[in-house]
Amino acid sequence: MDGGRTVDRARTADPGPLLEGRRALVTGGGHGIGRGTCLAFGSHGAAVVVADVDGEAAERTASDVVAAGGAAWAVTADVTDRGAAAATVEAAVDRLGGLDVLVNGVGHYLHPVTPFADVTDDQIAELYEINLGHVLRVTRAALPHLIAAGGPEVAAGTRPGPSIVNLTTVEAFRGIPGHPVYAAFKAAVVQFSKSLALQVSEHGIRVNDIAPDVTRSQQLPYERWLGEEDVARIPSWVPLGRLGEPGDAAGVAVFLASELSAFVTGTTVHCDGGTYAAGGWYRTRHGRGWTNRPHDA
Ligand SMILES: NC(=O)c1ccc[n+]([C@@H]2O[C@H](COP(=O)([O-])OP(=O)(O)OC[C@H]3O[C@@H](n4cnc5c(N)ncnc54)[C@H](O)[C@@H]3O)[C@@H](O)[C@H]2O)c1
């Protein structure tokens, strides 16, 4: 007995399209996890606006969604530009006719490993803008539209609820030597999501995070960074024995955007092959730095 709810929330054996009729805005959709999310959303029936500072990449993602039979539009936007948040949301709502799902995908650690004493005010400001500022501003601009997509039918279970998905990192939960400011802002995203989840629950809006690690993307080009020895050690480095692909986190985003997660809010799904569960960093044998690769410890 499901209390008369008509939305089928657990067709896990043959889920079919999970996001039919949903209207989604994905920031950072040009590359990596954001791009994977747009492709997965499109294949599950959502109409998607792909927002990215790399306009060509956004266009490529949108046309790939369309080529696969979905509906998508590209918007070129630098979400760290204060004026751009509202403009990006309005552009998305214009094309989609409303908004059910927001994925805040943009984030970066930006600078090479830097001793904290040498981090400049400008770097702190940049790290704030790229990891936290836009999450707050884009979400605030999107909220009236998400509230309009929520309401009593969501509580009654006759309409899917709006969903916000923020990309944080394993390092919001585990330390990262050399990037404490990045880690601090990503941890702030987690706390923002939890508190916002409480505030908007009355509208049936859910807010959750994805915390990736070791996922191949534009900012983590493993082909370039991994030596042969590193590749050979992946099985001891990542408990599930492989690196992640954008589609791994995209699968979590589909889950969090869909009714399969209708009772999930204010929490984080770790998408890291088990690295968070496996624990922390190790100092290198030579004591000159840090590694999370046990063979250097
Ligand atoms: N890849 C991982 O293993 C990993 C680990 C931890 C956290 N993350 C988080 O996941 C998210 C996606 O990361 P990814 O690895 O897929 O990155 P990526 O570099 O492949 O993609 C990021 C996208 O954001 C776009 N972008 C950058 N600055 C922008 C701006 N100012 N305005 C609009 N778009 C902008 C880029 O053009 C790119 O398309 C980020 O928030 C990142 O911090 C990823």
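Now for a description of the structure that goes with this document. (Residues numbered from 1 in each chain as written. Predicted model: local features only at pLDDT ≥ 70, side-chain atom pairs only at ≥ 80, totals over all residues. Heavy atoms only, no water.)

## Digging into the sheet that holds strand β7 (residues 268–271)
The strand order across the open sheet formed by 7 strands is β3-β2-β1-β4-β5-β6-β7, and the pairing between neighbours is parallel. Edge positions in the open sheet fall to β3 (71–76) and β7, since each of these has one partner strand only. The sheet shows a mean angle of 15° between the axes of neighbouring strands, taken without regard to direction. In this structure, strand β2 (residues 47–52) lies alongside β3, joined through 6 bridges in parallel fashion. Considered in β3, the bridge of alanine 47 is made with alanine 71. (Pairing = 2+ DSSP bridges. Helix = DSSP H or I, 4+ residues; strand = E, 2+ residues; numbered from the N terminus. Axes fitted to C-alpha atoms, helices over the stretch in contact; angles between N-to-C directions.)

## Concerning the pattern of salt bridges
For side chains of opposite charge, pairing can occur when their charged atoms come near one another. Per the stated rule, a full pass over the model turns up 9 salt bridges. Note that glutamate 129 and arginine 137 form a salt bridge whose closest N and O atoms lie 2.4 Å from each other. Judged by relative accessible area, glutamate 129 falls into the buried class, the value being 15%. A relative accessible area of 11% means that arginine 137 is categorised as buried. What emerges from the salt-bridge pattern is a single network uniting Arg82, Glu129 and Arg137. (Salt bridge = Lys/Arg side-chain N within 4 Å of Asp/Glu carboxyl O. Buried < 20%, exposed > 50% of the residue type's maximum accessible area, 1.4 Å probe, protein only.)

## Section: the pairing of strand β6 (residues 206–212)
Most of β6 is tucked away: 7 of the 7 residues are buried. On β6, burial covers both faces: Arg206, Asn208, Ile210 and Pro212 on one face and Val207, Asp209 and Ala211 on the other are all buried. Two elements, strand β5 (residues 163–167) and β6, share 5 bridges in a ladder whose sense is parallel. Its bridge partner being in β6, asparagine 166 is matched across the sheet by aspartate 209. Each parallel crossover has a hand, and for β5 linked through helix α6 (residues 180–200) to β6 it is right-handed. Summarising the sheet, β6 and β7 pair through 4 bridges and their orientation is parallel. Paired with proline 212 across the two strands is cysteine 271, which belongs to β7. (Right-handed = clockwise from strand over helix to strand, strands pointing away.)

## Considering helix α2 (residues 55–67)
Taking 1.5 Å per residue, 13 residues should reach 18 Å; α2 reaches 18 Å between its end C-alpha atoms and fits that length. Buried within α2 we find Gly55, Ala57, Ala58, Thr61, Ala62 and Val65. The arc enclosing the buried residues of α2, seen along the axis, measures out at 165°, which places them on a common side. Seen from the open side of α2, the exposed residues pointing more than 90 degrees away from its buried face are Glu56 and Ala67. Just beyond α2, the residue with positive phi is glycine 69, at close to 100°. (Expected span 1.5 Å × (residues − 1). Arc of directions from axis to C-beta.)

## Considering the packing of aromatic side chains
Across all of its chains, the model carries 4 aromatic pairs by this definition. Both rings, one in tyrosine 128 and one in phenylalanine 185, keep their centres 5.6 Å apart while their planes meet at 70°; by these two values the pair is edge-to-face. Taken together, the residues tyrosine 128 in helix α4 (residues 121–149) and phenylalanine 185 in helix α6 connect sequence positions 57 residues apart. Classification of phenylalanine 185 as buried rests on a relative accessible area of 16%. (Phe/Tyr/Trp six-rings, centres within 6.5 Å; stacked < 30°, edge-to-face > 60°.)

## Things to note about the site of the ligand
Taken together, 30 residues lie near the ligand, and Ile33, Asp52, Asp78, Ser217 and Gln219 sit nearest. Note that an oxygen atom of the ligand is positioned 3.1 Å from one of the backbone N or O atoms of histidine 31. Between the ligand and serine 217, the relevant distance is 2.5 Å, taken from an oxygen atom to a side-chain nitrogen or oxygen of the residue. Considering the ligand on its own, with 830 Å² of exposed area, one finds that the protein chains cover 93% of that surface. For the shell around the ligand, the elements supplying multiple residues, two or more each, are α1 (32–43) and α6. Class assignment of the residues belonging to the shell around the ligand gives a composition of 11 nonpolar, 14 polar and 5 charged. (Near = heavy atom within 4 Å. Polar contact = N/O pair within 3.5 Å; in protein donor to acceptor, adjacent residues only side chain to side chain. Areas by Shrake-Rupley, 256 points an atom, 1.4 Å probe, with all protein chains shown as cover. Nonpolar A, V, L, I, M, F, W, Y, C, P; charged D, E, K, R; others polar.)

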